[in-house]
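Structural features, examined
This is what each chain is made of:
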Amino acid sequence: MKLCDPALFRQECYINGRWISSRKTIVVTDPSDGAVLGSVPALGRDETEQAVRGAGEAFPLWSRLTAKKRSLVLKRWHALICENENDLAYIMTCEQGKPLSEAVSEIQSAAAYIEWFAEEAKRVYGDTIPMSQEGKRIIVLKEPVGVCAAITPWNFPSAMIARKTAPALAAGCTVIVKPSELTPFSAMALAELADRAGFPPGVFNVVTGPAEEIGSVLTGSVDVRKLSFSGSTAVGRLLMRDCSDSLKRISLELGGHAPFIVFEDADIDAAVADAVASKFRNSGQTCVCANRFIIHDSVYTEFVEKFVQAVEQQLSVGPGRISDHNQGPLIDMDAVEKIEDQIRDALSKGARIATGGSRIPGKGYFFEPTVLLNVLPTMKILREETFGPVAPVSSFTTESEAVAMANDSEYGLAAYFYSRDVARAWRVTELLEYGMVGVNTARLSSEAAPFGGMKKSGLGREGSKYGMDEYLEIKYMCIGRVS
Ligand code: SIN
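Residues numbered from 1 in each chain as written. Predicted model: local features only at pLDDT ≥ 70, side-chain atom pairs only at ≥ 80, totals over all residues. Heavy atoms only, no water.

**Quick word on the overall build of the protein**
We count it as follows: Numbering goes from the N terminus for both helices and strands, where a helix is a DSSP run of H or I of at least four residues and a strand is a run of E of at least two. Radius of gyration here uses only the C-alpha atoms, and the compact-globule reference equals 2.2 Å multiplied by the residue count raised to the power 0.38. Under the scheme applied here, a residue whose accessible area is under 20% of the maximum for its type counts as buried, over 50% as exposed, and between as partly exposed, the area being computed with a 1.4 Å probe on protein chains only. In this analysis, two residues are considered to be in contact whenever any of their non-hydrogen atoms come within 4.5 Å of each other. Here the open area of atoms and residues is found with the Shrake-Rupley method and a 1.4 Å probe, where only the protein chains shown may cover a residue. Charge counting treats Lys and Arg as positive and Asp and Glu as negative, with His and both chain ends excluded. By convention, the charge on Lys lies at NZ, on Arg at CZ, on Asp at CG and on Glu at CD.
Along the backbone of the protein there are 14 helices and 22 strands. Over its C-alpha atoms the protein spans a radius of gyration of 23 Å, differing by no more than 12% from the 23 Å that the globule rule assigns to 483 residues. Dimensions of the protein along its principal axes, counting C-alpha atoms only, are 70 × 65 × 40 Å. Expressed as a percentage of its 483 residues, the buried residues of the protein come to 56%. Long-range contacts, defined as pairs at least 24 residues apart, comprise 72% of the intrachain contacts of the protein with a sequence gap of at least 6. Total accessible area on the protein is roughly 19,600 Å²; 52% of this is exposed by carbon and sulfur atoms. One finds the centroid of the 52 positive side-chain charges in the protein at a distance of 7 Å from the centroid of its 60 negative side-chain charges.

Put into structure tokens, the structure is as follows:
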């Protein structure tokens, strides 16, 4: 791998301040051509328990440092990530496939989370509460929850690690990261920079290996007091069940099936531009991608014509390392087969392809950006998360019909709508059963905003001042006999 700083490409795990290798390894390949990039250790129960012990031993020291000292280490980590932005993005594109420009923007987002929480570290305020009994005073203290585990996905190999670990570390917790085995090198590069930033041994750890074996230690251990996971609803449900014996705190950022409504009074050109940017970001592989296009009858033809034209003219599919391409490969063959199945199902029930529709032959998991018309609620594509570059379009007549179509999903992560009517903006936002609503925008993620969902999209919030709360215990102190 061609890097300015080759030491960022680590093929070992990072436990207790030391780099650990293993005879058993997992091979990592480039989804754009199948080339082997390298391998990482296939660690198991023993090494994960070792990481939990190390994180537990590091906790008293790290949690008792002043917030300012923790903040300084986080700021050094932030600065190193910014300095090495291009190498980190290159590593990500090689293992994940997204275009380099998107990888750079993800690294900037990861850095922004770290910077934000480095600042929040110093603002973990408690409360005093007026007491209802004579001679007593109530004080509320906030304390770090303890050792935290973060199980992170392949679609955002760096930003999800930053979004979970930065608030934990800022609060005074120690962390064990289990990255996806498909994209571990981004995690290792962040660990290398965490080491250079000066986190004490055991504060930040990364383990790779079989998900079930490592996951069972992290969920079962009574010493791990919090688990944060981003990934599928099916796996989130299993993790929640497995955490029940040790009764740990849990944050789950799970699937989404974001509706994208265009009302008759919308700015259609803005809606089309955002529809393309949101649907095809990371080739459709984000849980907040616009996934179901719900367009008012009176602007349906205009929207569809402009949307199809933009997809055909603006999107270029190919290896993300080549700057001409803004659509990389899907992560693996399962992802390709899943969207093929959804398209087949939709066509068999009356949908029509306006553009795209097929995998691209040759090396790599490439798929044509696709627009499907005449889509009905009985089709799989409107029920299952898509996670690929396919845009299903339907129409509606009344506002309440659009809201009902949007809410007709087990997911409740992100929703978007376009309208120039301020009253409608409030009304529809309040009616949508979603944790995040974009009004005249389809780009919601920000370190300053609370990211998270309702219904089967998960529990808890990441980013913003609310993101800190997930890593803090509330302790109430009552002082009596104050005379
Ligand atoms: C995701 O979690 O899939 C989206 C993350 C983001 O938009 O930053």
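**Things to note about the pairing of strand β12 (residues 258-262)**
Filter applied, for reference: Should DSSP find at least two bridges between two strands, the strands are taken to pair. A clockwise course of the path from the first strand over the helix to the second, judged with the strands pointing away from the viewer, identifies a crossover as right-handed.
In terms of burial, β12 is largely enclosed, as five of its five residues are buried. Alternating residues of β12 divide into Ala 258, Phe 260 and Val 262 and Pro 259 and Ile 261, and every residue in both groups is buried. Inspection of the sheet shows β12 paired to strand β13 (residues 290-296) by five bridges, in the parallel sense. In the strand pairing of β13, Ala 258 is matched with Ala 290. Taking the sense of rotation as the criterion, the β-α-β connection linking β12, helix α9 (residues 268-279) and β13 turns out right-handed. Two strands pair when backbone bridges link them, and β12 and strand β18 (residues 414-418) are joined in this way by three bridges, in the parallel orientation. In the sheet register, Ile 261 faces β18, and the bridge partner there is Phe 417.

**Concerning the pattern of salt bridges**
As a reminder, the rule being used: Throughout this description, the term salt bridge denotes a Lys or Arg side-chain nitrogen within 4 Å of a carboxyl oxygen of Asp or Glu.
Within this structure, the stated rule accounts for 30 salt bridges. Among the salt bridges present, the one from Asp 341 reaches Arg 344, with a minimum N-O distance of 3.9 Å. Taken together, the residues Asp 341 and Arg 344, both in helix α11 (residues 333-348) and three residues apart, mark about one turn of the helix. On the basis of relative accessible area, Asp 341 is assigned to the partly exposed category, the value being 26%. Judged by its relative accessible area of 52%, Arg 344 falls in the exposed class. For Asp 408, the salt bridge is made with Arg 383, and the minimal N-O distance between the two is 3.1 Å. Placement of the pair is Asp 408 in the loop between α12 (399-407) and β17 (411-412) and Arg 383 in the loop between β15 (370-373) and β16 (390-396), with a sequence separation of 25 residues. Within the structure, one salt-bridge network assembled from shared partners comprises Asp 5, Arg 10, Glu 12, Glu 192 and Arg 196.

**What to know about helix α5 (residues 159-171)**
This is how the line gets drawn: Expected helix span is taken as 1.5 Å per residue step, with the number of steps being one fewer than the number of residues. The seven residues ending at a residue and the seven starting there each receive a fitted axis; the angle between those axes is the bend at that residue.
In this model, α5 (13 residues) spans 18 Å end to end at C-alpha, consistent with the 18 Å of a helix rising 1.5 Å per residue. The sharpest bend along α5 comes to roughly 25°, located at Thr 165, with the proline Pro 167 sitting one to four residues further on. The element α5 is extensively covered by neighbouring structure, given that 13 of its 13 residues are classed as buried. Backbone geometry just downstream of α5 places Gly 172 in the positive-phi region, at approximately 110°.

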